[in-house]
Every structure is written in structure tokens, then in C-alpha cells.
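Chain by chain, the residues:
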Amino acid sequence: MAAGIAVGIFVFLFTAAFLGQNVLHNNEAGSFPGLLAGIWAAWPLIHKARVQRHNFLHPAATEYQVPVKQAFATIRDLLADISYNFGDKWHIASADTISGRITADLRFVDEEVHHDIDSRGQIHTRRERRQRYIGLEISIRDSGAGTAVVKMDFTPKIEGLQFYACAPIIVGMIASIESRIGPGLQAEDPVSSKLPAPPWWLIAASALALLAMFGDVQKAIFQ
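The present account deals with the structure reproduced in this document. For clarity, every value in this text was computed on a predicted model and none was experimentally measured.

### Some details on the nonpolar core
In this structure, Leu 79, Trp 90, Ile 134, Ile 138, Ile 140 and Met 173 are the most contacted members of the largest nonpolar core, which totals 29 residues. Counting only elements with at least two residues in this core, the list comes to helix H3 (68-81), strand S5 (101-117), strand S6 (123-142), strand S7 (148-158) and helix H4 (167-181). Not counting residues up to four positions away in its chain, the partners in contact with Ile 134 are Trp 90, Ala 104, Asp 105, Leu 106, Phe 108, Phe 154, Thr 155, Pro 156, Cys 166, Ile 169 and Ile 170.

### Observations regarding a nonpolar patch on the surface
There is a patch of nonpolar side chains on the surface, built from Phe 32, Leu 35, Leu 208 and Leu 211 and spanning about 410 Å² of accessible area. Taken together, the elements giving at least two residues each to the nonpolar patch come down to helix H2 (31-57) and helix H5 (200-222). With respect to the element layout, Leu 208 can be found in helix H5. Looking at Leu 208, the relative accessible area reads 55%, which means it is exposed.

### Here's the deal with H3
Between the first and last C-alpha of H3 there are 20 Å, a value that for 14 residues agrees with the 20 Å anticipated at 1.5 Å per step. All buried positions along H3 are accounted for by Ala 71, Phe 72, Thr 74, Ile 75, Leu 78 and Leu 79.

### Describing the environment of Asp 110
Structurally, Asp 110 is set in strand S5. Judged by relative accessible area, which is 26%, Asp 110 ranks as partly exposed. Residue contacts for Asp 110: discarding those within four places in its chain leaves Glu 128, Arg 129, Arg 130, Arg 132 and Gln 162.

### Thoughts on the side chain of Arg 53
Note on placement: Arg 53 falls in helix H2. The buried category is assigned to Arg 53, whose relative accessible area is 16%. In this structure Arg 53 touches Pro 156, Phe 163 and Tyr 164, once residues within four positions along its chain are discounted.

### Re the side chain of Ser 206
Turning to its location among the elements, Ser 206 is positioned in helix H5. A polar side-chain atom of Ser 206 sits 2.7 Å from a polar atom in the side chain of Trp 40. Apart from residues lying up to four places away in sequence, Ser 206 is in contact with Leu 36 and Trp 40.

### Remarks on the environment of Leu 78
Mapped onto the elements of the fold, Leu 78 is located in helix H3. Among the residues examined, Leu 78 registers a relative accessible area of 4% and is labelled buried. Residues Leu 78 and Arg 180, spaced 102 residues apart in sequence, show a C-alpha to C-alpha distance of 8.6 Å. Not counting residues within four places of it along the chain, the set of residues in contact with Leu 78 comprises Met 173, Ser 176, Ile 177 and Arg 180.

### Quick word on the packing of aromatic side chains
Scanning all chains against the criterion turns up 1 aromatic pair. The interplanar angle of 85° and the centroid separation of 6.1 Å between the aromatic rings of Trp 40 and Trp 43 together place this pair among those described as edge-to-face. In this pair, Trp 40 and Trp 43 both sit in helix H2, 3 residues apart, roughly one turn of the helix. The buried category is assigned to Trp 43, whose relative accessible area is 18%.

Procedures and definitions
- Residues numbered from 1 in each chain as written.
- Predicted model: local features only at pLDDT ≥ 70, side-chain atom pairs only at ≥ 80, totals over all residues.
- Heavy atoms only, no water.
- Core = buried A, V, L, I, M, F, W, Y, C linked by side-chain atoms within 4.5 Å.
- Buried < 20%, exposed > 50% of the residue type's maximum accessible area, 1.4 Å probe, protein only.
- Helix = DSSP H or I, 4+ residues; strand = E, 2+ residues; numbered from the N terminus.
- Contact = heavy atoms within 4.5 Å.
- Patch = residues over 30% accessible without salt bridge, like charges linked within 9 Å, V, L, I, M, F, W, Y side chains within 5 Å.
- Areas by Shrake-Rupley, 256 points an atom, 1.4 Å probe, with all protein chains shown as cover.
- Salt bridge = Lys/Arg side-chain N within 4 Å of Asp/Glu carboxyl O.
- Expected span 1.5 Å × (residues − 1).
- Polar contact = N/O pair within 3.5 Å; in protein donor to acceptor, adjacent residues only side chain to side chain.
- Phe/Tyr/Trp six-rings, centres within 6.5 Å; stacked < 30°, edge-to-face > 60°.

In C-alpha cells:
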């Protein structure tokens, strides 16, 4: 995501400056085409990052070679037992054996390190405590062959700027489940990161930008 934004900003600045100074001889006229060029450059990277984020928080269903009742009991006990930091634990809101659905949430406090520069140019480090939250919904069903298919959905919320602050806990939870009931096999395909067709608003805006730029080029030629 950060790479996509950085590429978009670079392309915007470069294209706007190049068109404005060398082609249109009008710095303001190059801003809109430059903006659209930056969006076109950033869009594939941002799309890929969004899909990766989705597949991380909503991993594909996994089939484990254990019965549904065993998988359900093992995961429920794991959520009740595991703790983080200084005793932060999952709160199990519901564990319905009939529907095979477990919902839980985890709240904890984490520290972020910030670096500040004072008026004399000296760097100071300070720590700030931030709230973290992870909602978890687990669905466990029978595959039809006596094995359990587990689908997990995580919903993190963070305070502060550390976008992936909850990632270690999510990775650790998946690893803990597999360590207790054994490795699983992917039961469905994750969301594809294949680039879809560009949005219509971007195509329409690009067409308008080309028409406007064509008019500006004519003005620059005949002036």
C-alpha cells in the first residue's frame, strides 16, 4: 500500500512537471493529467495490497484431519487458555456447538515508539500506549468425509499508526490452532489478486483529461 502511494505521488509530480513545463508551457495545465497518471500508476499496487490484506484477515477455509467436535473443542479451549502480554485473554462471546460457530474478541494495550526532533536538532524517543482490538469469528463444519473445515475471519482495530500491530497475534493464532490439531489443507481458493477492469470513473476522467490536454496543446502550438 505504501509503495503504491509513493509511486503514485512520484508519477504525479513527474508527469505534471513534464507536461506543464515542456509540453503545455503552463504548470497548472499539467496538474490534472499528472494526477490521473499518478492514480493509474498507483492503482495496481494498491489493489494488490488490498487483496493481500483481505486474504490475511479472512484466510481461505482449511480442512483439518480431525472430527468437527474435536476441532471445535480444541479451538474453544485454545481461546480460553492462551494469553498475551500481562494476561490479556480472548473473551469468548459465543460457542455454539450446533452451528459450529465461535465468536471472540481480544483487547490489549501496546506501545508505539515515536522519535521527535527538538529545536536544537536532537532526537528524542518517547513511548505511547495504544489500544488494540481483534474480533474473531470461526465457523467449523463437516467436510462430508468426517473431517473439519475451519473458516476464520479477523477484524482488527488499532489506535495509532502501526497498521499491522495485530498481525503477530493473528499469525500466532493460526499457528497455534495447527499445532494442536495438526496441519490442514486449503479447502478453497483465496481471493485472486488478478487486476480487474479499471473503474469507469477513472476511464471517463482520463478521457476528459486527454481532451483537455489536446486543447491545451493546440493553444501552446498556435500561441
